[in-house]
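# A structural walkthrough
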Amino acid sequence: MVRIYRIPIREKSDAQRAMRKILALELKIPLSSLDIRYGCWGKPLHEGIHFSLSHSYRMALFAVDDSQPVGIDLEWLRPMPNFQKLAQRFFWGPEKICCDEAEFFRIWTAKEALCKVNGEPILGSLKQPVSWSRVVPIHCAKGYVAHLAFQTQTRSLEPNHVFDFSIELAEFESCDRS
């Protein structure tokens, strides 16, 4: 079962600290004995559990799954005057026609989440079409767009699969995804 944690952050290091605390809680081990390794493209790894972290502006999302690799990506919706040029340069065929920034970020987060599943670099996979059967949109907060990707076909997510997490308290509570 996949679990997604929504984490308010002030800076990137808050997301990293939260990731470590959540992993220790998930694995039921002391934080001091947590041993995170990194794959060749920088994906954090720990034996026996699959996870992915993304952060943008003031929020982070962290996905954990016991059975298969997952990838998550989050972007803060912001004005991006050059989104059409980026889409033309990096996206696949029909994806190059983005009507607005929200559509650009929807495609971008899906692509990045898919890359994170296997720890692949994003630039090498941008021109591949999005495999929409392997991604699920995550409605985490107004002003953000996010996707969760699986190694195989997607599974449905119930609202109780998203949790709010407090870095200071190292606690979390169930919340609605909307």
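The paragraphs below set out a description of the structure included in this document. Being a predicted model, the structure only gives us computed values, none of them experimental. (Residues numbered from 1 in each chain as written. Predicted model: local features only at pLDDT ≥ 70, side-chain atom pairs only at ≥ 80, totals over all residues. Heavy atoms only, no water.)

The next subject is the overall build of the protein. The secondary structure content of the protein amounts to three helices and ten strands. Scanning the protein from its N terminus toward the C terminus, one meets helices and strands in the order β-α-β-β-β-β-β-α-α-β-β-β-β. Per-residue burial over the protein gives 48% buried out of 178 residues. Contacts in the protein between residues at least 24 apart in sequence constitute 54% of all its contacts with a sequence separation of at least 6. Carbon and sulfur atoms form 55% of the exposed surface of the protein, whose accessible area is close to 9300 Å². (Helix = DSSP H or I, 4+ residues; strand = E, 2+ residues; numbered from the N terminus. Buried < 20%, exposed > 50% of the residue type's maximum accessible area, 1.4 Å probe, protein only. Contact = heavy atoms within 4.5 Å. Areas by Shrake-Rupley, 256 points an atom, 1.4 Å probe, with all protein chains shown as cover.)

Tallied over the full model, the rule gives ten aromatic pairs. Between Tyr5 and Phe165, the ring centres sit 6.3 Å apart and the planes meet at 85°, which makes this aromatic pair edge-to-face. On the criterion of sequence distance, the pair formed by Tyr5 in strand β1 (residues 2-8) and Phe165 in strand β9 (residues 162-166) is long-range, its members being 160 residues apart. Comparing Tyr5 with Phe165 shows no difference in burial state: the two are buried. Both rings, one in Phe104 and one in Phe105, keep their centres 5.5 Å apart while their planes meet at 70°; by these two values the pair is edge-to-face. On the basis of relative accessible area, Phe104 is assigned to the buried category, the value being 2%. Judged by relative accessible area, which is 2%, Phe105 ranks as buried. When the ring centre of Tyr57 is taken as origin, the NZ or CZ atom of Arg58, which lies over that ring, is 5.4 Å away. (Phe/Tyr/Trp six-rings, centres within 6.5 Å; stacked < 30°, edge-to-face > 60°. Lys NZ or Arg CZ within 6 Å of the ring centre and 35° of its normal.)

Secondary-structure assignment places His46 in the loop between β3 (44-45) and β4 (50-56). Classification of His46 as buried rests on a relative accessible area of 17%. Once residues within four sequence positions are removed from consideration, His46 is found in contact with Leu27, Leu34, Asp35 and Phe51.

On to the pairing of strand β8 (residues 144-150), then. As a general feature of sheets, a regular strand has side chains that alternate between the two faces. Counting buried residues along β8, seven of its seven residues qualify, which places the element largely inside the surrounding structure. Alternating positions in β8 separate into two faces, Tyr144, Ala146, Leu148 and Phe150 on one and Val145, His147 and Ala149 on the other, with burial throughout. Pairing analysis gives seven bridges linking strand β6 (residues 70-76) to β8, with the strands arranged antiparallel. Considered in β8, the bridge of Trp76 is made with Tyr144. (Pairing = 2+ DSSP bridges.)

Of all the seven residues making up β1, six are buried; the element is thus mostly covered by neighbouring parts of the structure. Relative to strand β5 (residues 59-65), β1 is paired through seven bridges, and the arrangement is antiparallel. Paired with Val2 across the two strands is Asp65, which belongs to β5. As paired elements, β1 and β9 share three bridges and run parallel to each other.

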